[in-house]
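Topology and contacts: notes
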Protein chains: 2
Amino acid sequence: MKTTPVKGTRDILPRESRLRDYMQSEILRVYRAAGFERIGTPVLEDIGNLRQSEGGENLGLIFKVMKRGEKLEKALSEGGDPADIGLRYDLTLPLARFYAMNRAKLLSPFKVIQIDRAFRAEQPQQGRLREFYQCDIDILGDESPNAETELLAVTARALLTLGLTGFTIKVNDRRILDALLGALGFATEEYPAVFVAADKLDKVGASGVRAELLEKGLGEEKVDALLGILEESDGLDAAEKLCGDLPAFSSLRDILRVSRDLAGDDYNAVFDLTLVRGQGYYTGTVFEISVPGFGGSVAGGGRYDRMIGKFCGEDVPAVGFSIGFERICAILLERGFSIPGERPRAAVLYKAGDFPAACARAEALRENFDAAVYAMPKKPGPFIARLAENGYGFIQVIGRDGDIRPIS
Amino acid sequence: MKTTPVKGTRDILPRESRLRDYMQSEILRVYRAAGFERIGTPVLEDIGNLRQSEGGENLGLIFKVMKRGEKLEKALSEGGDPADIGLRYDLTLPLARFYAMNRAKLLSPFKVIQIDRAFRAEQPQQGRLREFYQCDIDILGDESPNAETELLAVTARALLTLGLTGFTIKVNDRRILDALLGALGFATEEYPAVFVAADKLDKVGASGVRAELLEKGLGEEKVDALLGILEESDGLDAAEKLCGDLPAFSSLRDILRVSRDLAGDDYNAVFDLTLVRGQGYYTGTVFEISVPGFGGSVAGGGRYDRMIGKFCGEDVPAVGFSIGFERICAILLERGFSIPGERPRAAVLYKAGDFPAACARAEALRENFDAAVYAMPKKPGPFIARLAENGYGFIQVIGRDGDIRPIS
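Residues numbered from 1 in each chain as written. Chains lettered and ligands numbered in written order. Predicted model: local features only at pLDDT ≥ 70, side-chain atom pairs only at ≥ 80, totals over all residues. Heavy atoms only, no water.

Moving on, we come to the environment of A:Leu19. Residues and elements named next belong to chain A. Among the structural elements, Leu19 can be located in helix α1 (residues 14–33). Taking the C-alpha atoms as reference, Leu19 lies 21 Å from Ser290; in sequence the two are 271 residues apart. Excluding its chain neighbours within four sequence positions, the residues that come into contact with Leu19 are Cys329, Leu332, Leu333, Phe337 and Ile339. (Helix = DSSP H or I, 4+ residues; strand = E, 2+ residues; numbered from the N terminus. Contact = heavy atoms within 4.5 Å.)

It is worth spelling out the relation of the copies chain B and chain A at this point. With an RMSD of 0.1 Å, chain B superimposes on chain A once it is rotated by 180° and translated 0.0 Å along the axis. Both copies are brought into coincidence by an operation consistent with a two-fold rotation axis. Across chain B, the rotation axis passes nearest the C-alpha of B:Val65, at a separation of 2.2 Å. Both copies present the same face, since 100% of the interface residues in chain B are matched by interface residues at the equivalent positions in chain A. (Least-squares fit on C-alpha atoms with pLDDT ≥ 70 in both.)

Quick look at the sheet that holds strand β12 (residues 345–350) of chain A now. Strand-to-strand pairing in sheets goes through backbone hydrogen bonds, with the strands running parallel or antiparallel. All names here are of chain A. If you trace the 4 strands from one edge of the open sheet to the other, you get β13-β12-β14-β15, paired in mixed fashion. Two strands lie at the open edges of the sheet, namely β13 (370–375) and β15 (405–406), each paired on one side alone. Pairing analysis gives 4 bridges linking β12 to strand β14 (residues 394–397), with the strands arranged parallel. Bridged to Leu349 within β14 is Val397. (Pairing = 2+ DSSP bridges.)

Before going further, it helps to examine the pairing of strand β6 (residues 131–140) of chain A. With respect to burial, β6(A) is a largely interior element, 10 of its 10 residues being buried. The alternating pattern of β6(A) places A:Glu131, A:Tyr133, A:Cys135, A:Ile137 and A:Ile139 and A:Phe132, A:Gln134, A:Asp136, A:Asp138 and A:Leu140 on opposite faces, both of which are buried. (Buried < 20%, exposed > 50% of the residue type's maximum accessible area, 1.4 Å probe, protein only.)

For the rest of this paragraph, the subject is the pattern of salt bridges. The full count for this structure, using the stated rule, is 81 salt bridges over all chains. Note that B:Asp21 is salt-bridged to A:Arg38, the shortest N-O span being 2.8 Å. Placement of B:Asp21 in helix α1 (residues 14–33) and of A:Arg38 in strand β1 (residues 37–38) is noted, with the two residues assigned to different chains. Residue class for A:Arg38 comes out buried when judged on its relative accessible area of 10%. The closest approach of N and O atoms between B:Arg175 and B:Asp173, which form a salt bridge, is 2.7 Å. Each of A:Arg18, A:Glu342, A:Arg343, A:Arg345, A:Asp370 and B:Glu37 takes part in a single network of salt bridges with overlapping partners. (Salt bridge = Lys/Arg side-chain N within 4 Å of Asp/Glu carboxyl O.)

Another point: the domain arrangement of chain A. Accessible area lost upon the coming together of the parts serves often as the stated size of an interface. Segmenting chain A into domains produces domain 1 (1–43 + 88–156 + 300–342), domain 2 (168–290) and domain 3 (345–406). Centre-to-centre separation of domain 1 of chain A and domain 3 of chain A, based on C-alpha positions: 40 Å. (Domains from an automatic or database assignment.)

Each partner contributes residues to the interface: chain B has 90 residues there, and chain A has 90 residues. Buried area between chain B and chain A, both sides added, is near 8,000 Å², and the carbon and sulfur share of it is 58%. Across the contact surface, chain B and chain A share 16 salt bridges. Here B:Asp116 ties to A:Arg117 by a salt bridge, and the two come within 2.8 Å at their closest N and O atoms. (Buried area = accessible area lost by both parts, 1.4 Å probe.)

Residue and element names in this part refer to chain A. Along helix α15 (residues 380–389), the positions that sit buried rather than exposed are Phe383, Ile384 and Leu387. All buried residues of α15 lie within an arc of 95° about the axis, which places them on one face of the element. Summarising the geometry of α15, the exposed residues directed more than 90 degrees from the buried face are Pro382 and Glu389. Of the surrounding secondary structure, the elements contacted by the buried residues of α15 are β12, β13 and β14. (Arc of directions from axis to C-beta.)

Let us look at the packing of α1(A) against helix α5 (residues 146–161) of chain A. All names here are of chain A. At a closest axis distance of 9 Å, the pairing of α1 and α5 adopts a crossing angle of 140°. The handedness of the crossing between α1 and α5 comes out as right-handed. The segment α1 lies against α5, with Tyr22, Glu26, Arg29, Val30 and Tyr31 engaging Val154, Thr155, Arg157, Ala158 and Thr161. (Axes fitted to C-alpha atoms, helices over the stretch in contact; angles between N-to-C directions. Left-handed = near helix turned anticlockwise from the far one by under 90°.)

Looking now at the packing of aromatic side chains. All names here are of chain B. Inspection of every chain in the model, using the stated rule, returns 24 aromatic pairs over all chains. Seen from their ring centres, Tyr281 and Tyr304 are 6.0 Å apart, and the 65° between their planes marks the pair as edge-to-face. Of this pair, Tyr281 sits in the loop between β8 (268–271) and β9 (285–290) while Tyr304 sits in the loop between β10 (299–303) and α12 (307–312), and the two are 23 residues apart along the sequence. Classification of Tyr281 by relative accessible area gives buried; the value is 5%. Judged by its relative accessible area of 1%, Tyr304 is buried. (Phe/Tyr/Trp six-rings, centres within 6.5 Å; stacked < 30°, edge-to-face > 60°.)

All right, on to the side chain of B:Arg117 then. Within the secondary structure, B:Arg117 sits in strand β5 (residues 110–119). A distance of 2.8 Å separates the side chain of B:Arg117 from the side chain of A:Asp116, its partner in a polar contact. The contact partners of B:Arg117, leaving out residues within four places of it in the chain, are A:Thr41, A:Val43, A:Arg88, A:Asp116, A:Arg117, B:Val43, B:Arg88, B:Leu91, B:Glu131, B:Phe132 and B:Tyr133. (Polar contact = N/O pair within 3.5 Å; in protein donor to acceptor, adjacent residues only side chain to side chain.)

Our focus in this paragraph is unusual backbone geometry. Residue and element names in this part refer to chain A. Note the cis peptide between Ser108 and Pro109, where omega equals -5°. One non-glycine residue, Glu54, lies in the positive phi region at around 55°. By the secondary structure assignment, Glu54 is in the loop between α2 (47–51) and β3 (64–66).

Further remarks concern helix α4 (residues 92–102) of chain B. Residue and element names in this part refer to chain B. Taken across its 11 residues, α4 has 10 buried, putting it largely inside the fold. When α4 is considered as a whole, its buried residues turn out to be Thr92, Leu93, Pro94, Leu95, Ala96, Arg97, Phe98, Tyr99, Ala100 and Asn102. Residues of α4 that are buried in the fold lie against β2 (44–46), α2 (47–51), β5, β6 (131–140) and α12.

Locating A:Arg97 in the fold gives a position in helix α4 (residues 92–102). A polar contact of 3.1 Å, which involves the side chain of A:Arg97, links it to the backbone oxygen of B:Thr3. Ignoring anything within four residues of it in the chain, the contact list for A:Arg97 reads A:Thr41, A:Pro42, A:Glu45, A:Asn49, A:Phe311, B:Lys2, B:Thr3, B:Thr4, B:Pro5 and B:Asp11.

Here we come to the pairing of strand β4 (residues 83–87) of chain A. All names here are of chain A. For β4, the buried fraction is high: 4 of the 5 residues fall into the buried class. Pairing of strand β2 (residues 44–46) with β4 involves 3 bridges; the strand directions are antiparallel. Opposite Asp46, over in β4, you have Ile85 as the bridge partner. Bridge count between β3 and β4: 3 bridges; the pairing is antiparallel. By the bridge assignment, Val65 is partnered in β4 with Ile85.

Let us now look at the sheet that holds β1(A). Residue and element names in this part refer to chain A. Spatial strand order, β1-β5-β6-β11-β10-β9-β7-β8: 8 strands in an open sheet with mixed pairing. A strand with exactly one partner marks an edge of an open sheet, and here the two such strands are β1 and β8 (268–271). In this sheet, strand β9 (residues 285–291) lies alongside strand β7 (residues 168–173) in antiparallel orientation, the contact comprising 6 bridges. Within β9, the position partnered with Ile169 by the bridge is Ile289. Contacts from helix α6 (residues 174–183) reach β7 and β9, with the element oriented near 55° to β7. Where helix α13 (residues 325–334) meets the sheet, it contacts β6, β10 (294–303) and β11 (318–324), and its direction lies at approximately 150° from that of β10.

As structure tokens, then:
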């Protein structure tokens, strides 16, 4: 039998489990305090739903679950599809299905929390997990930019509660990107190449982006015009001058203004014309959070006004923001985060025959301690040292004089 | 796109989500207070590990995940196994793998908590879920019956905390069953038929069990001897008279005696010779909890001293007890359980332009309320009624005279 977890997955040891439970309960507390309601959906999802979900490159990363019994035999012998179920690659598609199914029972707008697993068959050499948790909040049924502003504020509050500060929320709007590239004279089929290159501006600089775009055969004049705007101190002004009076601009300015008021000195909210996000289902604003000193993003989201309509035939405006739980957990572990308010741990040791007395004593201690009962081991020294390594601060030996004492 | 969840799975609405979060945090609190430590393992498990796990009928219910890329093509074209991963059918096999992998870092004995999903491709017409939660505690590395006694006591305490009382813990030992059937003259290959029939004693009575066994062609004399023992008021005495002085008897008497002391008047602990449990991996004690008024069991477990050895080459004594989370949740919902200590819910309504003021007011309310912000709807009456249906007790309209008020 294999003792290692399946490739790309991992086991969680007790110390990290405590941190994860703390993180989850704090995030949930902040989200519930803001009037969001948690729901649950299965990790098993109809394979047809997943395939039609416009999930971008995630569609190539779906774990497929095989049919069973006669249906499987038929599929294998006749060359049909052997899979009828997939593991969800995010929590957005299941939410859209859930809302279409249950909307008659829900508040509208519906403010919703999901904290749960998703799966992607990533190449493990990139260090990406194939099984991971996300913490999402979404607002369904609100087309106003107040929905975006609220998601940014509440997500930021969750991160602040976990001790993260000084992070940057980047905001963009797909409609602005499209209008800008159109105004600069790019052809629609050139957009994806521009998005991919512009996304690297932070890493490779303007000259790197320029080189990549020219190499791809895009016209030098429009490439330079684009880079001029990307490098402007306020790209939003420059973009608006070129694109004219789109509703996306006033909506984005509104989101940034209120978000900056709510942020105070705790974090930043900026316009970032290079922000794209990979999913095909986004229709308007997109946003991301980056933490200084840690590459990549710790949260991402956007507006997806046309996904729910695919389930119920009627479009419902929708916007969501997802915290990458694994990424935040890794950052807190790296920082040596210590969990506030943990109860002290005590071990009650007993010799043969004293088990019931040890149980009774431990039960009394549980008012103030997490108290475990252990038979006195043959070599108490190494055992007590191991207790201390595992976070135990106190010990009591039943039948011996004296009360509970600190492990020295 | 399909709006219904995959067959045999279900969506969890906000009200049930609150109950589930409460249940999980209470169970976790009780388990941690008793000195157990939580771990996490992936739901994805090596298919070979699952197939060799002696899981009884669960082995036929494994959801198989397909290989990907070239490996899949090769398997399909050459008639090889298209699956390399399975979804775990319980939390015991992943725990054994985890322990074999990480034992050098863990306390020994290791007292461990798992609260997580498992999957079984059950026939949905039987009302069984294909995706469900279990809450397990296990003690690894303790061969003494104190381990069983502690699991029974701590699991019972978790159920009491959730408001269940008067339940019955049934205990048996596979070694006693085997010895008894041997002493009565049954052949080894007849044991499974006897187990299946005896398991129905509660439902069909002694005459029903007798009829089934005779129909299967088992000898009348030994069947009647067996029924005599099953119907004894203290079957343990009768069994011991027949089987002689096995260590399993003193161990079982010890577990029952201490468990009854700890139980007081809150619940019962009884010997039940008809208790078998389906899994092939159990090697000694088996136990189950039933709640009056609800058929079937709400928790089950037993000793599996030889599973970890399959991973690390050296047997490690192990015993576990699993709460059926979905079953308990269904019982509490049916009883109209109300969650203690929930924060009151308030809605802050605003008109155009008042969104920032509404955010500020809601944030102030969050010291005492879960406070949501909503734009004033066109028809406030039905919206406020819907708020009340969803558990909101208070409302404030920004810009109108007066403070927060109860929804009347």
